[in-house]
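# Fold and geometry: a report
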Amino acid sequence: MRVHLGSDHAAIELRRELAAAVVAFGHEVGSESGPATASESVDYPDVAATVSTCVKADPGSVGLLVCGTGQGMAMAANKQIGIRAAVVMDPFSAAMAREHNDANVLCLGARVVGVELAKVLLRTFLDARFAGGRHARRVEKLEPGG
């Protein structure tokens, strides 16, 4: 699976750690967006839009967005049609976001989850699959006009 990653200046180190984890888990980094250093301030909605565009243009891929709390990235990503971004802080939520909500973007907060937990959340998200069935009609209602 290809993973498109992005972060703002608050989460550069976690983004780098998770990019390496994607490869260690046997997946591919499709793209990586965001600043190179913490002194290079960026606006998280711009990064979220870039990653969302990559996910929509690359069927079967997912996104990973990291900022201070994950909340801003999720809000920005969820404005994009076809994106279902979820902030998670525990493995059960990471699995359910994929299995029941067909989330295609994982959002994490560098200031609220440590590196090791973030890796567990990422692996759980990547390993989970959409269950479909009764959940499919609910996911369809998330889209405009749904």
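Each value, and the rule that gives it
Every chain is numbered on its own, with residues counted from 1 as its sequence reads. Where totals are concerned, whole chains, interfaces and linings use all residues; where local detail is concerned, this predicted model gives features only for residues with pLDDT of at least 70, and gives and counts side-chain atom pairs only at 80 or more. The side-chain numbers reported here are obtained from all heavy atoms of the structure, hydrogens and water having been left aside. UniProt positions are given in the numbering used here, feature names are shortened, and annotations may be inferred rather than shown by experiment. Numbering of helices and strands runs from the N terminus, with a helix taken as a DSSP run of H or I at least four residues long and a strand as a DSSP run of E at least two residues long. Two things to know: the radius of gyration comes from C-alpha atoms, and the globule rule equals 2.2 Å times the number of residues to the power 0.38. Buried residues are those whose accessible area, probed at 1.4 Å on protein chains only, stays under 20% of the maximum for their type, while exposed residues exceed 50% and partly exposed ones sit between those limits. The contact definition used throughout considers only heavy atoms, calling two residues in contact when any of these lie within 4.5 Å. Residue burial considers only the protein chains on display, and all accessible areas are found by Shrake-Rupley using a 1.4 Å probe. None of His or the chain ends enter the tally, which takes Lys and Arg as positive and Asp and Glu as negative. Taken as the charge centre is NZ of Lys, CZ of Arg, CG of Asp or CD of Glu, depending on the residue.

The name an unreviewed UniProt entry assigns to the protein is Ribose 5-phosphate isomerase B, from the organism Nannocystis bainbridge. We quote the UniProt Sequence similarities (unreviewed entry) comment for the protein here in full: "Belongs to the LacAB/RpiB family."

### Brief notes about the overall build of the protein
Helix and strand counts for the protein come out as six helices and five strands. Seen in sequence order, the protein has helices and strands lined up from the N terminus as β-α-β-α-β-α-β-α-β-α-α. A compact globule built from 146 residues would reach a C-alpha radius of gyration of about 15 Å, and the protein, at 14 Å, matches this within 12%. On the principal axes, the C-alpha backbone points of the protein span a range of 45 × 30 × 25 Å. Taking all 146 residues of the protein together, the buried fraction comes to 45%. At a minimum sequence separation of 6, the contacts of the protein that also span at least 24 residues come to 68%. Split by element, the accessible area of the protein, about 7,000 Å² in all, is 53% carbon and sulfur. Of the side-chain charges in the protein, 15 are positive and 16 negative, and the distance between the mean point of each set is 7 Å.

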